[in-house]
Amino acid sequence: MLLSQSTNTQVVSVEELQEQHRLAQKQKVDKLLGENSQESLPSNISSLGRDQRPSQSSTGSGPKEHFLSSDFGSSLIIQPNGSVKGGTVPALVERLTTHEHTDLKFSKTFLMTYTSFATAGEVFDLLIHRFHLLAPEGLSESDITMWREKKQMVVQLRVINVMKSWLEHHFDDTRDDYILSRIRQFADSDIPMTIVGPVRYLKKIVERRESKGGLEPKRIITAQNFPPQPILPKNSKKLKLLDIDPLEMARQLTIIESYTFNRIKPDECLNKNWSGPEHLKTHKAHNIRTMIQLSNRLAAWVTHSILGMKDDVKKRASMIKWFIYVAERCRSLNNFSTMAGIIAGINSPPIRRLKRTWDQVSQKALNIHQSLDTTIDSTKNFANYKQLLRNINPPCVPFLGVYLTYLTFITDGNPDFLKDAERGGQQLTSPPGGGPGSLPLVNFAKRQMAADLISEIQQYQATPYNFTPIPQISKFVTQQLEESDHAPDAFPISLRIEPREKDDEKMARMLSESGFF
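What you see is a predicted model, and the numbers here were worked out from it, not measured in a lab.

I keep staring at the overall build of the protein and nothing clicks. Help me out?
Broken down by element type, the protein carries 22 helices and 4 strands. In the protein, buried positions account for 46% of the 517 residues. For the protein, the proportion of contacts with a sequence separation of at least 24, taken over those separated by at least 6, is 73%. For the protein, the computed accessible surface area is about 27,200 Å², with 52% contributed by carbon and sulfur atoms.

For this particular structure, what's the right way to read the pattern of salt bridges?
Per the stated rule, a full pass over the model turns up 19 salt bridges. With its nearest N and O atoms 3.3 Å apart, the salt bridge here joins arginine 130 to aspartate 71. Of this pair, arginine 130 sits in helix H4 (residues 120-131) while aspartate 71 sits in the loop between helix H1 (14-33) and strand E1 (76-78), placing them 59 residues apart in sequence. Relative accessible area serves as the criterion here: at 43%, aspartate 71 is assigned to the partly exposed category. One salt-bridge network, in which partners are shared between bridges, spans Asp71, Glu94, Arg130 and Lys151.

What's the story with the nonpolar core in this structure? I'm lost.
Here is a general trend for soluble globular proteins: nonpolar side chains tend to be buried in one another's company. With 76 residues, the main nonpolar core has Met249, Trp301 and Phe323 as its most contacted residues. In terms of residue count, the dominant contributor to this core is helix H12 (residues 313-332) (10 residues). If we skip the residues at most four places from it in the chain, tryptophan 301 touches Leu241, Met249, Leu253, Phe323, Val477, Gln480, Leu481 and Ser484. By size, the runner-up hydrophobic cluster in this structure holds 49 residues, among which are Val89, Leu133, Val162 and Tyr201.

Teacher, can you tell me more about the packing of H4 against helix H5 (residues 141-169) here?
Axes are the key here: two packed helices are described by the angle between their axes and the distance separating the axes. With their axes 8 Å apart at the nearest point, H4 and H5 run at an angle of 155° to one another. In terms of their interaxial angle, H4 and H5 are classed as roughly antiparallel. Of the two possible hands of crossing, H4 and H5 adopt the one that is left-handed. Between H4 and H5, the residues in contact are Ala120, Val123, Phe124, Leu127, Ile128, Arg130 and Phe131 and Val155, Gln156, Val159, Ile160, Val162, Met163 and Trp166, respectively. In terms of residue class, the contact of H4 with H5 is made up of 12 nonpolar, 1 polar and 1 charged.

Just to check I follow, could you spell out the sheet that holds strand E3 (residues 417-418) for this structure?
Picture the strands of a sheet paired through backbone hydrogen bonds; they go either parallel or antiparallel. Pairing in this open sheet of 4 strands is antiparallel, and the strands run E1-E2-E4-E3 from one edge to the other. A strand with exactly one partner marks an edge of an open sheet, and here the two such strands are E1 and E3. Looking at chain direction, E3 and strand E4 (residues 441-443) are connected through 2 bridges and run antiparallel. When the bridges of E4 are listed, leucine 418 appears paired with leucine 441. Taken strand by strand, helix H19 (residues 444-461) contacts strand E2 (84-87) and E4, and its axis lies near 25° from that of E4.

What exactly am I supposed to notice about the environment of serine 275 here?
With respect to the helices and strands, serine 275 occurs in the loop between helix H9 (246-261) and helix H10 (278-284). Take serine 275: its relative accessible area is 32%, and that puts it in the partly exposed class. Taking C-alpha positions, serine 275 is 9.8 Å from isoleucine 288, a pair spaced 13 residues apart along the chain. For serine 275, the side chain forms a polar contact with the main-chain oxygen of lysine 272, separated by 2.9 Å.

Please explain the packing of aromatic side chains as it appears in this structure.
A ring pair, where both rings are aromatic, is described by two values, the distance of the centres and the angle of the planes. Inspection of the entire model under this criterion finds 12 aromatic pairs. Between tyrosine 114 and tryptophan 166, the ring centres sit 5.7 Å apart and the planes meet at 80°, which makes this aromatic pair edge-to-face. Highlighted residues: tyrosine 114 in the loop between helix H3 (104-113) and H4 and tryptophan 166 in helix H5, separated in sequence by 52 residues. A centroid spacing of 4.9 Å and a plane angle of 90° characterise the contact between phenylalanine 131 and phenylalanine 186, whose relative ring orientation is edge-to-face. With a gap of 55 residues between them, phenylalanine 131 in helix H4 and phenylalanine 186 in helix H7 (residues 179-187) connect regions that are remote in the sequence. With respect to class, phenylalanine 131 is no different from phenylalanine 186; both count as buried. Grouped by ring-pair contacts, the aromatic residues Phe106, Phe110, Tyr114, Phe117, Trp166 and Phe444 constitute a single cluster. Over the ring of phenylalanine 106 we find arginine 95, and its NZ or CZ is 5.8 Å from the ring centre. Between arginine 352 and the ring centre of tryptophan 358, over which it is positioned, the NZ or CZ distance is 4.7 Å.

Where do I start with the packing of H5 against helix H8 (residues 196-210) in this structure?
For the pair H5 and H8, interaxial distance at closest approach is 10 Å and the crossing angle is 20°. In this view, H5 runs roughly parallel relative to H8, as classed from their interaxial angle. Crossing of H5 over H8 shows left-handed handedness. Residues Leu157, Ile160, Met163, Lys164, Leu167 and Glu168 of H5 pack against Pro198, Val199, Tyr201, Leu202, Ile205, Val206, Arg208 and Arg209 of H8.

Can you walk me through the pairing of E2 in this structure?
Strand residues, when the strand is regular, have side chains that alternate between the two faces of the sheet. Looking at chain direction, E1 and E2 are connected through 3 bridges and run antiparallel. If you follow isoleucine 78 over to E2, its bridge partner there is valine 84. In textbook terms, the turn of a hairpin is the stretch between consecutive antiparallel strands, and for E1 and E2 this stretch comprises 5 residues, one of which, glycine 82, has a positive phi near 95°. Strand direction decides the pairing type here: E2 and E4, joined by 2 bridges, are antiparallel. The residue bridging glycine 86 from the neighbouring strand is asparagine 443, located in E4.

What's the story with the environment of glutamine 79 in this structure? I'm lost.
Structurally, glutamine 79 is set in the loop between E1 and E2. Sequence separation between glutamine 79 and alanine 445 is 366 residues, and the spatial gap between their C-alpha atoms is 9.4 Å. Once residues within four sequence positions are removed from consideration, glutamine 79 is found in contact with Val84, Lys85 and Ala445.

What counts as what
Residues numbered from 1 in each chain as written. Predicted model: local features only at pLDDT ≥ 70, side-chain atom pairs only at ≥ 80, totals over all residues. Heavy atoms only, no water. Helix = DSSP H or I, 4+ residues; strand = E, 2+ residues; numbered from the N terminus. Buried < 20%, exposed > 50% of the residue type's maximum accessible area, 1.4 Å probe, protein only. Contact = heavy atoms within 4.5 Å. Areas by Shrake-Rupley, 256 points an atom, 1.4 Å probe, with all protein chains shown as cover. Salt bridge = Lys/Arg side-chain N within 4 Å of Asp/Glu carboxyl O. Core = buried A, V, L, I, M, F, W, Y, C linked by side-chain atoms within 4.5 Å. Axes fitted to C-alpha atoms, helices over the stretch in contact; angles between N-to-C directions. Parallel < 35°, antiparallel > 145°, perpendicular 65-115°, else oblique. Left-handed = near helix turned anticlockwise from the far one by under 90°. Nonpolar A, V, L, I, M, F, W, Y, C, P; charged D, E, K, R; others polar. Pairing = 2+ DSSP bridges. Polar contact = N/O pair within 3.5 Å; in protein donor to acceptor, adjacent residues only side chain to side chain. Phe/Tyr/Trp six-rings, centres within 6.5 Å; stacked < 30°, edge-to-face > 60°. Lys NZ or Arg CZ within 6 Å of the ring centre and 35° of its normal.

Don't take any of this as a statement about function, it's just geometry.
Following this line, the structure appears as structure tokens:
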């Protein structure tokens, strides 16, 4: 996501820094040897553009010098398409800050998912190690100059850029706060003059993080500058559900749902952090857990609101119809999460078995209900829903259950670490101790699959809704949703309202209701 503070940043490219360094070197040589010293300098380096393939080198078409090669080549597994399949954590950090090319997708995935295989402290230590990269022994003076220009300086700039991106887009104040002082200490150390500007900007980001302000994600503003006119209920003092317009109810529910959805963080989606022991679920995936709780509350609220009409079959039918229309309006607003919660309540067994009540629901409402069922049908991996999602424009609150299902498949169906043939094909399930040769190979392709789904979620988080909150309605709904946590078992109530009938009793009732008796 873009952040409001990043728009005024002066970006210093690798090429500019390399050119500055080359000119500085030339001036030194000119001063010592005179003006005719051009031939003694390294030739101008080739471009390190963003469109460069991972396999391409920044050293031109000639053979690459051995001292410009990667340091962890054997610890990184590259797939035929150029993406990273796996690697040790040091090798992944080297890829993150490599001098050879820019891989923006890899960088985003690493920073989005690193908490699943490393701590913030471990990543920071590896970045500092990369920044203080040492030249190989035995190099000539000209080779050292080339190494500094084509490798060390580029790596150092990329370390700074990674830290900048980390702080701006992937930093968790609660989890990573202790890293800020270490980054500040690093920024205050002896920094090469060629990157003083980027380091100065890095310090400003640290200061904003420490002040707990100024780093909120930028939201995409739509063409709709003014919210639609709210539809106020006629009697707001003694508010009843059926007095609220279905469209306005859908808007208010969307405000509630989108607020929590937009707060979901990437690491909540990793390692099934939303499941497991209750205290861990709350700590690691608070917002996803809140979304799940809200969905369950919606279903219970719908169920008990319908059953609350008790012996009045027509009022129960009217309540079912009203909720169908609210769900349909939610779908029109691209709020598929609330729509799914309402449909779950309408389709719950205590409601579906109310034959007499459903007989009173209009055919129009029944047709809409069938259409809503089709939208959220799980057949063929939610094919209908996914097709609809592809054709809509944000803002949107997607049905989170689909993402959680896919994230569960990714987590359970793929190992965290890859088998290493050089170590006997043993499956490594936890990082063992020892030197670099004993480090496990992180299954980065697994993290990439998760990051692709998380990026979709972030896409919908970027565009906010523009509705006017109505405190009377939101307070009324919030209270009813909270009360649903303590509601009694719905099935006995359903049986009391409409007891089970034998075939002859059902026939007699239907004839009586039709006017024959």
